[in-house]
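This is what each chain is made of:
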Amino acid sequence: MSEDLVYLPTSALVNGCCNGDIDVHLPLTLENRVGDKKTEMLFVDHLLNNSRKEQVPFIKLLSGLRGSIKGDMSKLIEDNSFVKHLLDTSIKEWRRDISPYEIFHSDIDDDESIDEEELFDYSKLVNESNETKETKNKISELENAIKQRMEHSDNGLLEHSEDTDREIRDMYHKTTKCKNRIEEHTNHLKSIKEKLDPKHIQILMDLGMKNKSSYMRFFKDSDNSPVNFYLNDRNSTSIPKNIQTVFTNYTLINNMIHKELDYIEYKMNELKKIADENNSVMKKFVSGLDTHEHIHDMYEPDNPSDSEEDDDEEETIKKYVIREDKGPEDDESESLLSRLASYFTEDDNKLTDKDKQDIATIVDKKNIDKEINDKINSEPTLFADAGEDDY
């Protein structure tokens, strides 16, 4: 039974991956408590078991493991000249213009919005899952409550309730925020996936094929010098016996993180379908409440262009006269605008009967346009043009 197996603590798994004693693409051998049976278990299954037992999100364990390998190897590169020389040689073989300290660098290092130790807060998935399900249940409860009230009414009609109206508006606002949050989480996940991979992963994979003996060629001839002997001993003993496995572990764990992020993104997309459905239902409900003006005040962003004051008669004349009366071949001094200006300034030019008739036509046209706009704005189509992001 799996319950009788003696599992390794997470710290032992991390240390084994960092020093090369554990190869993540090989199974681990576990014994039962009695010690008379052995069982092989995949590394990923063992880590998942620890995740459940310790109640730590799997993505957090993976990102922590990735960070530990990166940290330990970066320190080794800085402290060990043999390792630094070999990495520099491999970089030149790939004709890259970078230093050995940059081989683990990824775009995540430059993005402050991404927590490299945790990558993604798994509680966001849990919280959104709970809220979408809870909201879906509340919508069903609301519909059933209204249905029961109608069935128990004397005439089959439902009396108006401010509490019901308020509940509909609150639920609509809640579903809109939930939908937008899930979209933000999904976009954040995509950004993490795009920036996760080391920029020089090919070099890391190449280093995964070079064992410790490759580093020993930088061994210095001691010439009976105590200093050279000390440096050789210091550098050789600090290199992990399976250093090639450490580099391989890093690339494989990086791929495991991709797989887990892909799973989280899939679950987020499933939640988005439910959130969109909840929001669509509540949008239909709220669009039937109160007057358009009231709904507009609560859910629509301010639009200055919709609240402009009507032009007075003189502004209307100036606007339409310039647009309609002035042509490319018209003489400025003989235009209707010119004669109208002369009229207001009491110059000699007088308005003719035709001028007065043209001005009356322009004013009438402005009034007709205003009546048409008023009629359009009074029709119940407010939410037909509203975008989902406006709420």
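Residues numbered from 1 in each chain as written. Predicted model: local features only at pLDDT ≥ 70, side-chain atom pairs only at ≥ 80, totals over all residues. Heavy atoms only, no water.

## So, helix H9 (residues 226–238)
Across its 13 residues, H9 extends 18 Å between first and last C-alpha, which sits within 8% of the 18 Å expected from 1.5 Å per residue. Those residues of H9 that fall on the buried side of the exposure criterion are Asn228, Asn232, Asn235 and Ser236. End-on, the buried residues of H9 take up no more than an arc of 95°, which puts them together on one face. Looking at H9, the residues exposed on the side facing more than 90 degrees away from the buried face are Pro226, Val227, Tyr230 and Thr237. (Helix = DSSP H or I, 4+ residues; strand = E, 2+ residues; numbered from the N terminus. Expected span 1.5 Å × (residues − 1). Buried < 20%, exposed > 50% of the residue type's maximum accessible area, 1.4 Å probe, protein only. Arc of directions from axis to C-beta.)

## A word on the packing of aromatic side chains
As enumerated under the stated definition, the model contains 2 aromatic pairs in all. Centre to centre, the rings of phenylalanine 104 and phenylalanine 247 are 6.2 Å apart; their planes meet at 10°, and the pair counts as stacked. One end of the pair, phenylalanine 104, is in the loop between helix H4 (81–93) and helix H5 (122–151); the other, phenylalanine 247, is in helix H10 (residues 243–286), with 143 residues separating them in the sequence. With relative accessibility at 3%, the residue phenylalanine 104 sits in the buried group. Residues phenylalanine 104 and tyrosine 250 carry aromatic rings whose centres are separated by 4.9 Å and whose planes lie at 80° to one another, so their mutual orientation is edge-to-face. Of this pair, phenylalanine 104 sits in the loop between H4 and H5 while tyrosine 250 is found in helix H10, placing the two residues 146 residues apart along the sequence. Comparing phenylalanine 104 with tyrosine 250 shows no difference in burial state: the two are buried. Ring pairs connect the aromatic residues Phe104, Phe247 and Tyr250, which therefore count as one cluster. (Phe/Tyr/Trp six-rings, centres within 6.5 Å; stacked < 30°, edge-to-face > 60°.)

## Considerations on the packing of helix H3 (residues 58–79) against H4
To characterise two packed helices, one gives the angle between the axes of the helices and the distance between these axes. Where H3 meets H4, the closest approach of the two axes is 5 Å, and the angle between their N-to-C directions is 100°. On the basis of the axis angle, H3 is roughly perpendicular to H4. Where H3 approaches H4, its residues Leu76, Ile77, Glu78 and Asp79 are matched on the opposing element by Ser81, Val83, Lys84 and Leu87. Looking at the contact of H3 with H4, its residues break down into 4 nonpolar, 1 polar and 3 charged. (Axes fitted to C-alpha atoms, helices over the stretch in contact; angles between N-to-C directions. Parallel < 35°, antiparallel > 145°, perpendicular 65-115°, else oblique. Contact = heavy atoms within 4.5 Å. Nonpolar A, V, L, I, M, F, W, Y, C, P; charged D, E, K, R; others polar.)

## Some remarks on a nonpolar patch on the surface
Taken together, the side chains of Val227, Tyr230 and Leu231 present a nonpolar region at the surface, about 290 Å² in accessible area. Of note, tyrosine 230 is situated in helix H9. (Patch = residues over 30% accessible without salt bridge, like charges linked within 9 Å, V, L, I, M, F, W, Y side chains within 5 Å. Areas by Shrake-Rupley, 256 points an atom, 1.4 Å probe, with all protein chains shown as cover. Salt bridge = Lys/Arg side-chain N within 4 Å of Asp/Glu carboxyl O.)

## Focus on the pairing of strand E2 (residues 38–41)
Strand direction decides the pairing type here: strand E1 (residues 28–31) and E2, joined by 4 bridges, are antiparallel. Within E2, the position partnered with leucine 30 by the bridge is threonine 39. Turn length for the E1-E2 hairpin, with the two strands adjacent in sequence and antiparallel, is 6 residues, and the turn residue glycine 35 shows positive phi of about 90°. (Pairing = 2+ DSSP bridges.)

## Here's the deal with the pattern of salt bridges
As enumerated under the stated definition, the model contains 20 salt bridges in all. In this structure, lysine 210 engages aspartate 206 in a salt bridge whose closest nitrogen and oxygen atoms are separated by 3.6 Å. Residue classification places lysine 210 among the buried positions, given a relative accessible area of 14%. Judged by relative accessible area, aspartate 206 falls into the buried class, the value being 13%. In this structure, glutamate 270 engages lysine 273 in a salt bridge whose closest nitrogen and oxygen atoms are separated by 3.5 Å. Of this pair, glutamate 270 and lysine 273 both sit in helix H10, 3 residues apart, which is roughly one turn of that helix. Assessed through its relative accessible area of 56%, lysine 273 is described here as exposed. The network of salt bridges with shared partners includes Arg66, Lys70, Asp109 and Glu116.

Take it as geometry only, folks, not as evidence of what the structure does.
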